[in-house]
Amino acid sequence: MDNHIAAHRRAREWSQQQLADHLGVSRQTIISIEKGRYDPSLPLAFKLSSVFSCPIEELFTPPLDSQGLGVSK
Amino acid sequence: MGVGMDIEAMPAISLGRSKFGGETWQLICGACASGVLSSVLLWWLLTVIVHVDRPAWVWFLCAAATIPFASVGVWAILVDRSTLVGSVRDPESSVEYVWHSKAASSAFTDTLLLLLVAVLVFFVADFQINSALLLLLVFLFMLIDFTIRKLVTKRALS
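Residues numbered from 1 in each chain as written. Chains lettered and ligands numbered in written order. Predicted model: local features only at pLDDT ≥ 70, side-chain atom pairs only at ≥ 80, totals over all residues. Heavy atoms only, no water.

### Observations concerning helix H3 (residues 27–35) of chain A
1) Next: Within H3(A), the full set of buried residues consists of A:Thr29, A:Ile30, A:Ile31, A:Ser32, A:Ile33 and A:Glu34.
2) Next: Those residues of H3(A) hidden inside the fold are in contact with strand E1 (2–3), helix H1 (5–11), helix H2 (16–23) and helix H4 (42–52) of chain A together with helix H3 (95–125) and helix H4 (131–157) of chain B.
3) Next: The first or second residue beyond H3(A) is A:Gly36, which carries a positive phi of 80°. (Buried < 20%, exposed > 50% of the residue type's maximum accessible area, 1.4 Å probe, protein only. Helix = DSSP H or I, 4+ residues; strand = E, 2+ residues; numbered from the N terminus. Contact = heavy atoms within 4.5 Å.)

### Structural notes on unusual backbone geometry
1) Next: Phi angles above zero are rare outside glycine, and A:Ser53 is one such case at about 50°.
2) Next: With respect to the helices and strands, the residue A:Ser53 is situated in the loop between H4 and helix H5 (56–59).

### Topic: the side chain of B:Thr111
Residues and elements named next belong to chain B.
1) Next: As for its position among the elements, Thr111 is in helix H3.
2) Next: Assessed through its relative accessible area of 6%, Thr111 is described here as buried.
3) Next: When near neighbours in sequence (up to four residues on either side) are disregarded, Thr111 contacts Val138, Phe141 and Met142.

### Re the confidence of the model for chain B
All names here are of chain B.
1) Next: Residues at a pLDDT of 70 or more form 91% of chain B, whose mean pLDDT is 84.
2) Next: For residues 1–9, every residue scores under 50 in pLDDT, and the model assigns this stretch 10 contacts once sequence neighbours within four places are set aside.
3) Next: For this predicted complex, the interface confidence score (ipTM) comes to 0.80, while the overall pTM stands at 0.68. (pLDDT = per-residue confidence, 0-100.)

### Observations concerning the environment of B:Ala31
Residues and elements named next belong to chain B.
1) Next: With respect to the secondary-structure elements, Ala31 resides in helix H1 (residues 24–50).
2) Next: Between the C-alpha atoms of Ala31 and Ser71, which are 40 residues apart in sequence, the distance is 5.1 Å.
3) Next: Contacts of Ala31, omitting those with residues within four sequence positions, involve Ser71, Val74 and Trp75.

### What to know about the packing of aromatic side chains
All names here are of chain B.
1) Next: Applying the stated criterion across every chain yields a total of three aromatic pairs over all chains.
2) Next: Ring centres 5.2 Å apart and planes at 70° place the aromatic pair Phe122 and Phe127 in the edge-to-face group.
3) Next: By relative accessible area, which is 24% here, Phe122 ends up partly exposed. (Phe/Tyr/Trp six-rings, centres within 6.5 Å; stacked < 30°, edge-to-face > 60°.)

### Focus: the pattern of salt bridges
1) Next: Tallied over the entire structure, the rule returns four salt bridges over all chains.
2) Next: Among the salt bridges present, the one from A:Arg9 reaches A:Glu34, with a minimum N-O distance of 2.5 Å. Residue A:Arg9 is located in helix H1, and its partner A:Glu34 is located in helix H3; the two are separated by 25 residues in the primary sequence.
3) Next: Taking relative accessible area as the criterion, A:Glu34 reaches 19% and is therefore assigned buried.
4) Next: A salt bridge links B:Arg149 to B:Asp110, with the nearest nitrogen and oxygen atoms 3.0 Å apart. Within this pair, whereas B:Arg149 is found in helix H4, its partner B:Asp110 is found in helix H3, the two being separated by 39 residues in sequence.
5) Next: Taking the relative accessible area as the measure of exposure, B:Arg149 reaches 32% and is therefore partly exposed. (Salt bridge = Lys/Arg side-chain N within 4 Å of Asp/Glu carboxyl O.)

### What to know about a nonpolar patch on the surface
Residues and elements named next belong to chain B.
1) Next: Taken together, Leu133, Leu136, Leu137, Phe139, Leu140, Leu143, Ile144, Ile148 and Val152 make up a surface patch of nonpolar side chains, about 830 Å² in accessible area.
2) Next: Position of Leu140 relative to the elements: it lies in helix H4.
3) Next: Here Leu140 falls in the partly exposed class, since its relative accessible area comes to 37%. (Patch = residues over 30% accessible without salt bridge, like charges linked within 9 Å, V, L, I, M, F, W, Y side chains within 5 Å. Areas by Shrake-Rupley, 256 points an atom, 1.4 Å probe, with all protein chains shown as cover.)

Structural data, given as structure tokens:
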């Protein structure tokens, strides 16, 4: 799943470690999420949404299916 | 929602606190007492089951040697990881937890398959093997398989 975590983090001038501390997870978790290799759990996604004060849909983009639609639709 | 406020949560301690509450010294005392008890019980059971003719002091020595390992094992089970120095507050949401879970799950499936194949081979070929050696081989297989699985998962998700 694509995400805009890195952009939101940089907009606040936070390091990966600072974001990890806010969320209570390891820095490696932030690295993996930003690279798109690890989809966070729902509670962690809600925490990210809370930390960045924006809806989850703004942070994560669902992958497109064969008709070019988001899987969630 | 003030998630940032949680950063100044309870201070981390080198030996941590128990999942069930209480101070560090209570956790350490509990772990040591359980370590002594489980070691003595283990070696007493072995003396009953194995019937090897050894003087009592040998068994006491063996029990004494396993106490530290048993105590550390009990501590690892009882400690609340979020109270340890350098730990994260929410380890279950971290990617490392996923590495571990996936590796454990895959290693379990691999072991089941190995045992199935081994049962078939042993049954068809009427193969005989020492049970202690068999258990050791299965244990080593699980250990190596888990390690490889974890490294592969780590590489894929990081």
